[in-house]
Amino acid sequence: MTKKNSNLVAIITMCFIFAMISFVTNMAAPFGNIWKGQYSWAGMMGNLMNFAAYLFMGIPAGKMLVKIGYKKTTLIALATGFVGICIQWLSSFSFVGSAAIYVYLLGAFVCGFCVCMLNTVVNPMLNILGGGGNRGNQLIQTGGTLNSLTGTLTPLLVGALIGTVTDKTSMADVTPLLFIAMGVFLVAFFIIYFVTIPEPAKERNTTVYEHSAWNFRHFVMGAIAIFFYVGIEIGIPAQVNFFLSDATEKGAGIAVNGAAIGGAIAAIYWLLMMVGRFLSTLISGKVSTKLQMTVVSTVAILLVVIAIFVPKTVTVNMPGYSAADGFAMFRVPLSCLFLVLCGLCTSVMWGAIFNLAVEGLGKYTESASGIFMTLVVGGGIMPLIQEFIAKGAGYMNSYWLVVAMLAYLLYYALIGSKNVNKDIPVD
């Protein structure tokens, strides 16, 4: 009974951390609307810096799990996140002057270290507490549901605080959200400090292993899949947001409160991710991870292709928010509806890919988690490439890149996820 209670506390704690990850990560894209108004190149740079940190911190974070354990790694991550938010806040002060953008980007980079460490902790821990397999995926999807809840609220709050982007819009407009983030990090730090977290890595033999996670083909292909997946997850709502915020002929042409409406529509994407993860939580104990991944990849491809071909002049009413009207229905291009519906599909992918990639890795799980997180840098690189395509070929044409990445995920679900290295000892 004691062990069950301990596991329950650990599961709740990990789910809370999962929620924090999205809260911090999802600030970057809507904050980009602020900086994009001042620097045309800065729209996705905060997002890039956030995810670039994974490239540097992923493998070290995995080693931290083995050396100092899950709890201490989490505490270091939370302290780092608090510092990162403080640096972003500094960019709102006038004394920083023209260096404000670089101060902000530094803060985004430091926050990236935080979320990388948190991700390295929470995913293997939930998978281990669930015993791997379908049950492990079920717990990851449960944490992912809360992750999507905060992901929904963040762009909505940022959009409401910004309203309409002008040349006078600055980080000072979103200071309340930064204060909330600081408070959350402080509270989380003290909660984790007093909570008991299992330390599976410390219970294992710490001798040097003959093999590594790189020897497992399905893991390597899964790491590539996560590189593309995070690019998809971030790129879809980010470009929807930019498209609706762009009042020119190239964009949706919404002249008033476009940023607020764009933030609210992007929030629907994250809301649908929450719904999808909740539904996956209910079925993952019975429906295989591979089948879920196959279905959602196929449906997502169809939705994005339809969105690309639907003319911008075809519109639909969708819920949004503006300072003048509050929550109301706004007329937006129909393609935005198909794109936000992809949230139902991408909701399942993170947990499914991680679950399939680490299946059968045993003692290599912690190091694999670090490598896995390194490849999350795709969330910074691929949306940036998509933005470059959008500038040259248009917002909707940039989604062909998303289609190509989804095609790889479908391949991974059908073929690449099979463990062909079962002869390697993992106990």
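Residues numbered from 1 in each chain as written. Predicted model: local features only at pLDDT ≥ 70, side-chain atom pairs only at ≥ 80, totals over all residues. Heavy atoms only, no water.

Caption draft 1: Quick peek at helix 13 (residues 365–374). Burial runs high along helix 13: nine of the ten residues are buried. Among all positions of helix 13, only Thr 365, Glu 366, Ala 368, Ser 369, Gly 370, Ile 371, Phe 372, Met 373 and Thr 374 are buried. (Buried < 20%, exposed > 50% of the residue type's maximum accessible area, 1.4 Å probe, protein only. Helix = DSSP H or I, 4+ residues; strand = E, 2+ residues; numbered from the N terminus.)

Caption draft 2: How the structure looks around the environment of Gly 183. Note that Gly 183 resides in helix 6 (residues 175–194). In this structure, the C-alpha to C-alpha distance between Gly 183 and Phe 82, residues 101 residues apart in sequence, is 8.5 Å.

Caption draft 3: Geometry of the packing of aromatic side chains. Throughout the structure, instances matching the rule amount to 19 aromatic pairs. Note on Phe 93 and Phe 95: the rings are 5.6 Å apart at their centroids and 35 degrees apart in plane angle, and the pair reads as tilted. We classify Phe 95 as exposed; its relative accessible area is 64%. Residues Phe 219 and Phe 372 carry aromatic rings whose centres are separated by 6.5 Å and whose planes lie at 35 degrees to one another, so their mutual orientation is tilted. Taken together, the positions of Phe 219 in helix 8 (residues 217–245) and Phe 372 in helix 13 put the pair 153 residues apart, joining distant regions of the chain. According to the relative accessible area criterion, Phe 219 is buried, its value standing at 0%. Its relative accessible area of 0% is what places Phe 372 among the buried residues. A connected cluster of aromatic rings, assembled from ring pairs, spans Trp 214, Phe 219, Tyr 229, Trp 350, Phe 354 and Phe 372. In this arrangement the basic side chain of Lys 71 is found over the ring face of Tyr 193, its NZ or CZ atom lying 6.0 Å from the centre. Taking the ring centre of Tyr 395 as reference, the NZ or CZ of Lys 250 above it sits at 5.9 Å. (Phe/Tyr/Trp six-rings, centres within 6.5 Å; stacked < 30°, edge-to-face > 60°. Lys NZ or Arg CZ within 6 Å of the ring centre and 35° of its normal.)

Caption draft 4: Geometry of helix 15 (residues 399–416). Relative to the 26 Å expected for 18 residues at 1.5 Å per residue, helix 15 spans 24 Å between its end C-alpha atoms, a close match to the ideal helical length. Those residues of helix 15 not exposed but buried are Tyr 399, Leu 401, Val 402, Val 403, Met 405, Leu 406, Tyr 408, Leu 409, Leu 410, Tyr 412, Ala 413 and Gly 416. (Expected span 1.5 Å × (residues − 1).)

Caption draft 5: Inspection of a nonpolar patch on the surface at higher detail. Residues Leu 271, Val 275, Phe 278, Leu 279, Leu 282, Ile 283 and Leu 344 make up a contiguous nonpolar surface patch of roughly 580 Å² in combined accessible area. Element by element, the count of residues in the nonpolar patch is highest for helix 9 (residues 258–283), at six residues. (Patch = residues over 30% accessible without salt bridge, like charges linked within 9 Å, V, L, I, M, F, W, Y side chains within 5 Å. Areas by Shrake-Rupley, 256 points an atom, 1.4 Å probe, with all protein chains shown as cover. Salt bridge = Lys/Arg side-chain N within 4 Å of Asp/Glu carboxyl O.)

Caption draft 6: Quick look at a positive patch on the surface. Side chains of Arg 217, Lys 290, Lys 418 and Lys 422 sit close together on the surface and give a patch of like positive charge. On the secondary structure map, Lys 418 appears in the segment after helix 15. We classify Lys 418 as exposed; its relative accessible area is 57%. (Lys, Arg positive; Asp, Glu negative; His and termini not counted. Charge placed at Lys NZ, Arg CZ, Asp CG, Glu CD.)

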